[in-house]
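# Descriptive analysis of the structure
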Amino acid sequence: MRFSATCLLAVLLSAGVTQHLAAEYSPVLPLPETVLKQLLETGELGAGLPDSVIQYLNLAELDYLPRALQINIQHREDNSLYQHLRLPETVSACQKFLYEQRDTLQVICDTHGADPSILSAIWFTESRLGENTGDYLVRDLCFTLTLLEEPEVIAWNIASACENEPERDPEEVAATVRKRSQRKRKWALRELNILLELY
């Protein structure tokens, strides 16, 4: 009888063998060249774009971000996460930014048809107007997230989620991991394609 990696991890988990598995193990990831070739062949990435644009991915410098592959099934989106965006000081900061950067924002507006006030609101939401820039490239993050539906990554996330929530039904956990992985991968591909188009 053959077992998939997911089934095998579930069996080990139920036997108590995978204690602290997520902390000690990370999935083996395919070479970036292999992933890029597959995405281009399936048309999921760069469809209709010239090779020169694809070179933006710069495989020689591309870094995987393994920690970004972790699926948190406990995370729940709700309005409380965004209350700070409705504060008067947030509005004032965006208005100040609109005034100080009006020339640059107008160029973007003329080129892409984007409303400057919406641009400033998005900019504040994503980075507090450039204050928080993170410690990785968007390119690297999105490219890494295209691996979310790799069997070994799925198995790793299911095992990790089962460890963190042992009281939940393993089948429900597995279904949630797969659903969130699929949704997040689709988002990453959409972002990566937009990034390439802008380039």
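Refer to the structure above for everything that follows.
Reading the values: rules and limits
Residues numbered from 1 in each chain as written. Predicted model: local features only at pLDDT ≥ 70, side-chain atom pairs only at ≥ 80, totals over all residues. Heavy atoms only, no water. Salt bridge = Lys/Arg side-chain N within 4 Å of Asp/Glu carboxyl O. Buried < 20%, exposed > 50% of the residue type's maximum accessible area, 1.4 Å probe, protein only. Helix = DSSP H or I, 4+ residues; strand = E, 2+ residues; numbered from the N terminus. Polar contact = N/O pair within 3.5 Å; in protein donor to acceptor, adjacent residues only side chain to side chain. Contact = heavy atoms within 4.5 Å. Core = buried A, V, L, I, M, F, W, Y, C linked by side-chain atoms within 4.5 Å. Phe/Tyr/Trp six-rings, centres within 6.5 Å; stacked < 30°, edge-to-face > 60°.

## Describing the pattern of salt bridges
- Tallying each qualifying case throughout the model produces seven salt bridges.
- Asp-140 is the partner of Arg-139 in a salt bridge, and the nearest nitrogen-oxygen pair spans 2.9 Å. Each member of the pair, Arg-139 as well as Asp-140, is classed as buried.
- Taken together, the shared-partner salt bridges in this structure form one network comprising Glu-44, Glu-149 and Arg-185.

## Quick notes on the side chain of Arg-139
- Locating Arg-139 in the fold gives a position in helix α8 (residues 138-145).
- Here the side chain of Arg-139 touches Glu-61 through a polar contact of 3.5 Å, landing on its backbone oxygen.
- When residues no more than four places from it in sequence are discounted, the contact partners of Arg-139 are Tyr-56, Leu-57, Asn-58, Glu-61, Leu-62, Leu-192 and Leu-195.

## A short note on the nonpolar core
- Ranked by size, the top nonpolar core spans 33 residues in total, and within it Leu-45 and Phe-143 carry the most contacts.
- With seven residues, the top contributor of residues to this core is helix α10 (residues 170-198).
- Beyond its immediate stretch of four places on either side in the chain, Leu-45 contacts Leu-36, Leu-39, Leu-40, Leu-57, Leu-192, Asn-193 and Leu-196.

## Re α8
- The buried count for α8 comes to seven of eight residues, which makes it a mostly enclosed element.
- Along α8, the residues classified as buried are Arg-139, Asp-140, Leu-141, Cys-142, Phe-143, Thr-144 and Leu-145.
- On its buried face, α8 sits against α3 (32-42) and α10.

## What about the packing of aromatic side chains?
- In the structure shown here, the tally under the stated rule is two aromatic pairs.
- Their ring planes at 15° and their centres at 6.2 Å tell us that Tyr-64 and Phe-143 sit as a pair that is stacked. Here Tyr-64 is found in the loop between α4 (51-54) and α5 (88-100), whereas its partner Phe-143 is found in helix α8, with 79 residues between them in sequence.
- A relative accessible area of 0% places Phe-143 in the buried class.

## What to know about the side chain of Asn-193
- As for its placement among the helices and strands, Asn-193 is situated in helix α10.
- On the basis of relative accessible area, Asn-193 is assigned to the buried category, the value being 16%.
- Filtering out sequence-adjacent residues up to four positions away, Asn-193 remains in contact with Glu-44, Leu-45, Gly-46 and Ala-47.

## Re the environment of Thr-176
- Structurally, the position occupied by Thr-176 is in helix α10.
- Residues Thr-176 and Ala-161, spaced 15 residues apart in sequence, show a C-alpha to C-alpha distance of 9.6 Å.
- Apart from residues no more than four positions distant in its own chain, Thr-176 is found in contact with Ile-73 and Arg-168.
- Reaching out from Thr-176, the side chain makes a polar contact with the backbone oxygen of Glu-172 at a distance of 2.9 Å.

## What to know about the environment of Thr-90
- Secondary-structure assignment places Thr-90 in helix α5.
- Remark: the alpha-carbon pair of Thr-90 and Ala-121, spanning 31 residues in sequence, is separated by 9.1 Å.

## What about unusual backbone geometry?
- At Arg-128, a position not held by glycine, the phi torsion is positive, near 50°.
- Tracing the backbone through its elements, the reader meets Arg-128 in the loop between α7 (116-127) and α8.
- What makes Arg-128 partly exposed here is its relative accessible area of 37%.
- Residue Leu-129 is not a glycine yet carries a positive backbone phi of 60°.
- By the element assignment, Leu-129 lies in the loop between α7 and α8.

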